[in-house]
Amino acid sequence: MKEILFHFFAALTLLPAFFVATSRKPVNAAMNMLVSFVGLSALFVLLETYFLAILQVLVYAGAIIVLFLFIIMLIDPHKSPAPSLLRFLASIAAFALMVLTGYFLVYGPEAGPYAQLAAEAPASLSRSFGVALFTRYMLPFQITGFMLLIAMIGVIVVSRKDPATDGGEA
Amino acid sequence: MDLGTVLSMILLAPLLAAGLIWMFARQRAVLAMTLSLAAAATILGLSLWLYFQLWDGTAYEVSMEWMRLGPLQLSVGFLLNDLSALMLFVVGFVGFWIHLFSVGYMNDDPARGRFFGGLSIFMFSMLGIVLADNLFMMFIFWELVGFSSYMLIGHYITTDEAAQASKKAFIVNRVGDFGFLIGIIMVYWTFGTVSLGGLQELAHHSPDSVTTAMGLLLFCGVLGKSAQMPLHVWLPDAMAGPTPISALIHAATMVAAGVYFLGRTFFLFTGEALHIISWVGVVTALCAAIWAFGQRDIKKILAYSTLSQLGYMVAGFGMGSLYGLHHGDGHGAALYYGIGASMFHLTTHAFFKALLFLGSGSVIHACHHEQDIFEMGGLYKKMPLTTLTFAAGVIAIAGVPFIGAAFFSKDAILYVAKMTNFPAFLILTGTALLTALYMGRLFVIAFLGKPNSKSAEHAHESPWTIVLPLVVLAVCSVAGGYAGLYPERLGVLVQNWVPLAHGSDHTLMLVISAVASVVGLGLAGLVYGFGSKTDRVEDKAPPVYAFAKSKFYFDEIYNAYVAKVQDRLADFVSFLDTLFISGLLVKGTAAVAGLFGIGARRVHTGSVAAYVWWFFFGLLLFGAFAGGFLDGILQK
Amino acid sequence: MSIGLEDYLFVSILLFAIGFLGVLLRKNTLIVFMCLELMLSASILALIAFSRYNSTAANPLMEGNVFVLFIIAIAACEVAVGLAIIVALWRRIQTVELGEIKELKH
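Residues numbered from 1 in each chain as written. Chains lettered and ligands numbered in written order. Predicted model: local features only at pLDDT ≥ 70, side-chain atom pairs only at ≥ 80, totals over all residues.

Novice: What's the story with the overall build of chain A in this structure? I'm lost.
Specialist: Helix and strand content of chain A: 7 helices and 0 strands. Of the regular secondary structure in chain A, the N- to C-terminal order runs α-α-α-α-α-α-α. Buried positions account for 28% of the 170 residues belonging to chain A. For chain A, contacts bridging at least 24 residues in sequence account for 54% of all contacts bridging at least 6. (Helix = DSSP H or I, 4+ residues; strand = E, 2+ residues; numbered from the N terminus. Buried ≥ 20, exposed ≤ 12 C-beta atoms within 10 Å, placed from the backbone. Contact = placed C-beta atoms within 7 Å.)

Novice: Explanation requested: the overall build of chain C in the structure shown.
Specialist: Summing up its helical and strand segments, chain C has 3 helices and 0 strands in all. Secondary structure elements of chain C occur, N-terminal to C-terminal, as α-α-α. Split into buried and exposed, the 106 residues of chain C put 54% on the buried side. Within chain C, residue pairs in contact and separated by at least 24 positions form 49% of the contacts whose partners lie at least 6 positions apart.

Novice: Just to check I follow, could you spell out the interface of chain C and chain A for this structure?
Specialist: How large an interface is tends to be reported as the accessible area lost when its parts come together. Contacts between chain C and chain A engage 66 residues on the former and 70 residues on the latter. Elements with a minimum of two residues in the side of chain C that touches chain A: α1 (5-25), α2 (29-54) and α3 (63-93) of chain C. Across the side of chain C that touches chain A, the residue classes break down as 47 nonpolar, 11 polar and 8 charged. (Nonpolar A, V, L, I, M, F, W, Y, C, P; charged D, E, K, R; others polar.)

Novice: Before we go on, may I ask you to explain helix α18 (residues 422-447) of chain B in this structure?
Specialist: Residue and element names in this part refer to chain B. Helix length check: α18, at 26 residues, gives a terminal C-alpha distance of 37 Å against a target of 38 Å (1.5 Å per residue), a fit within 8%. Judged by how many residues are buried, α18 sits mostly within the fold: 20 of 26 residues are covered. Two residues or fewer past α18, Gly449 is found with a positive phi of approximately 75 degrees. (Expected span 1.5 Å × (residues − 1).)

Novice: Is there a simple way to explain the nonpolar core in this structure?
Specialist: It is characteristic of soluble globular proteins that their nonpolar side chains tend to be buried jointly. Of all hydrophobic cores here, the largest spans 214 residues; its most connected members are Val94, Met126, Ala315, Ala354, Leu355, Leu428 and Ala446 of chain B. Counting the residues that make up this core, at least three belong to each of domain 1 (1-175 + 238-255) and domain 2 (306-543) of chain B. Residues contacting Met126 of chain B, with those up to four places away along its chain left out, are Val91, Val145, Thr253, Met254 and Ala257 of chain B. Counting 69 residues, the second largest nonpolar core, distinct from the first, contains Leu15, Tyr53, Ile86 and Leu98 of chain C. (Core = buried A, V, L, I, M, F, W, Y, C linked by C-beta atoms within 7 Å. Domains from an automatic or database assignment.)

Novice: I would appreciate a short explanation of the pairing of strand β1 (residues 60-69) of chain B in the present structure.
Specialist: Residue and element names in this part refer to chain B. Of all 10 residues in β1, 1 are buried, a share of ten percent or less. Where β1 meets strand β2 (residues 72-80), 9 bridges bridge the pair, whose relative direction is antiparallel. Counterpart to Ser63 in the pairing with β2 is Gly77. (Pairing = 2+ DSSP bridges.)

Novice: Mind showing me how you'd approach the interface of chain A and chain B here?
Specialist: Contact with chain A, which involves 5 residues of that partner, is made by 6 residues of chain B. Here the side of chain A that touches chain B is composed, by residue class, of 3 nonpolar, 1 polar and 1 charged.

Novice: How do you make sense of helix α1 (residues 2-22) of chain A when you look at a structure like this?
Specialist: Residues lying three or four places apart along an α-helix face the same way, a consequence of the helix completing one turn every 3.6 residues. Helix length check: α1 of chain A, at 21 residues, gives a terminal C-alpha distance of 30 Å against a target of 30 Å (1.5 Å per residue), a fit within 8%. Here α1 of chain A has its buried residues at Phe9, Ala10, Thr13, Pro16, Ala17, Val20 and Ala21 of chain A. In a view along the axis of α1 of chain A, the buried residues occupy a sector of 155 degrees, so they form one face of it. Turned more than 90 degrees from where α1 of chain A packs its buried face, Glu3, Ile4, Phe8 and Ala11 of chain A sit exposed. Along its buried surface, α1 of chain A packs onto α2 (26-46) of chain A together with α1 and α2 of chain C. (Arc of directions from axis to C-beta.)

Novice: In this structure, what is going on with the confidence of the model for chain A? I would like to understand it.
Specialist: Per-residue confidence for chain A averages 84 on the pLDDT scale, and 90% of its residues sit at or above 70. For chain A, helix α7 (residues 163-169) of chain A is the element with the lowest average pLDDT, namely 51, and α2 of chain A is the one with the highest, namely 92. (pLDDT = per-residue confidence, 0-100.)

Novice: Is there a simple way to explain the confidence of the model for chain C in this structure?
Specialist: Reading predicted coordinates in detail is not appropriate for stretches of low pLDDT. All names here are of chain C. Confidence along chain C averages 85 in pLDDT terms, with 90% of residues attaining 70 or more. For chain C, per-element mean pLDDT is lowest for α3, which scores 87, and highest for α1, which scores 91. Among the scores for the predicted complex, ipTM is 0.88 and pTM is 0.66.

Novice: Looking at this structure, how should I read the packing of α1 of chain A against α2 of chain C?
Specialist: Packed helix pairs are specified by the crossing angle of their axes together with the interaxial distance, meaning the distance between the axes. One can describe the packing of α1 of chain A onto α2 of chain C by two numbers: an axis separation of 9 Å at closest approach and a directional angle of 150 degrees. What the angle tells us is that α1 of chain A and α2 of chain C run roughly antiparallel. Here α1 of chain A runs over α2 of chain C; the crossing is left-handed. Note on element contacts: α2 of chain C touches α1 of chain A through Met34, Cys35 and Leu38 of chain C, opposite Ala17, Val20 and Ala21 of chain A. Broken down by class, the residue content of the contact of α1 of chain A with α2 of chain C amounts to 6 nonpolar, no polar and no charged. (Axes fitted to C-alpha atoms, helices over the stretch in contact; angles between N-to-C directions. Parallel < 35°, antiparallel > 145°, perpendicular 65-115°, else oblique. Left-handed = near helix turned anticlockwise from the far one by under 90°.)

Written as structure tokens, this is what we have:
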């Protein structure tokens, strides 16, 4: 049962991801990415990391995709032209090389042995997340909070209409 | 309220005032004056409350950890004992009256905000020295005092003289403080603590060379701050500051901090160190008294007399402690004799020297900033109260028996000198005569006779804010010599630990003092003449005058040293710096980095696609490394 | 056949490669950006898989999971700033095509 689910969710993650990479319309890409992220969070559930699965859906599927769609609506880009043949071939070659390297790294004769799954996974509890975050990882946690603040300020600064530069061109 | 809170309030009141002045009152003179005066009044009021009500007279120590650097623990704390109580009173009392005087004296100065802010900063730093319970805290405030002194000497920022003088004071003090700091570090190395209470328990008078060197290094700080030979050169120049500053900082309190420090750390000095200390004091006392004859500026004369009296205090400390070592029970409390002798003179000196400086300030104020005594004359008619109080000051410093405070305090020093070091006793007795002579010279020329200039003719009595401090301080300098008049908590040192002569010595001291002071003052009238226009010694015996005026060429020697030795060394070091540090190291590294940058710029095409391909190759390299393809290459 | 760590890792590598393919192939800044997010998710998957397979009841190994949490937070920052830059670029030169953005130098 678990094997079937794994293959199903892996396909649910990888196929839409492939469509993201090949679609020429940003809206299609965004919708495919949404599906891909849902599949990914299902894989997290298979790994019994429920808290991160929920977080993945909330942050990526919920916030980031919406942000992308919002920006696509705002600037309404045209459909991109098809890539040149040379670039297409080069990209496919690079992709193939990467997949082959990865396959060799993971399943090759040099790889392994891999750790076996333990019977139960206490790490999945969100309580242990809280304990870890507020004890051992307190400082990184707070720094991350500051980073969010800095990003917010940065966004405001970057996207603000600058009268000195924009005024002349608009 | 407990004692620690009150002491903190005493210490922080002037800092608060200074902060408020800095923030709100730099341009508002009246507000600045009020704040500063209020802080001074708070200090005086709280310390009086302390003496009469709160403090039971036993040593009180409180401290808290400030920071910890490895094994070194720095703390802030207060140590209130007989010594610091007396010093706190002197600083608070004299400080308050000088604040009041400043209100009248500085009334036409455009930068009063800065002045009063600096005055409050000074009070803060000085109280910090007085109350500190460990050497590091003392050092911090020691430097703060140097800084505020620098700021206040340079108050008249537009004059070159003030700028030079403040710089000189700062640099000369640095020289002394360098030794001071090394001394503190040595103390820490030897005893493992810098707390005064802890040190007193650990220190023992083992006459080994390390302890002697330690004491002498600490004494270097005293050399700088109390302007002892050979670091005395800054004090006369410091008179470029406003007169209340000269009175408060460069006569009554800050320069006395060195002597106070000696008293605070008396247990660290060995017999050898005490011998050297006393001789430094004796030589300073004599030389400064001689130099005073070569001066025409009223404040410079007083500055040299301050130097001379500081020499007395230092000598008094050294020989008083020796007296305690030889004639007391040999250890422990007997050493308080040094503190008693020096602190008694410090206290009376603070009264009468503040009085003399403030009197000179009153005169300068009245004569429209005329400072040459030969341009004055006949002031007794125009300014009767100032003249009367000034006369009280002259009598006090000359040590006229029973009505001059220095009579009692100087007697104690002369007595311990006679008991321990006879040549020093002879020199100090001679100096006492000289003191009376040069103070008499100043008084008869400036105040008696007829006016010698227009500004002296137009002089008039100063306002009450100036005269009231004069009167109060005059009363103190007459009464300050009577140890019995001190309140119970304050007078412990003065009443119990001032070494007093007995029997025939007592008579001898009395005769010496009486003869020295009366003969000195009388001789001054005869030699110089009332209100004379020129220096008669300069006219009749030019070599004698030139001898005094030369100041033994200390400034010239220092200038030559700086020009010939120090500047050349600095040039040489600067050449090395240009060649190796900035030439090879800095520019060399920059050149290497620049070459690398030129190469790296080639790969930056500005096109995102190119960067992605770079990324891809990096990724492949990483994959190859992880897969072990590179092992063969890397292991070679 | 039970699912091992290597299978999750291979999925992660595939996802990463697909993302990278998109970055190479596409010229639309928005899509390139989405592909970058895919690559980031691939690394998250690898981290969670490692963390899950190496943890035991006695040693729950929170490091990997906490790290993922931070990555998600940083990714949110990154997306916000990146999209703001895209909007600013759009305002200046009215395009999101990478080929036309040649002012990254100087």
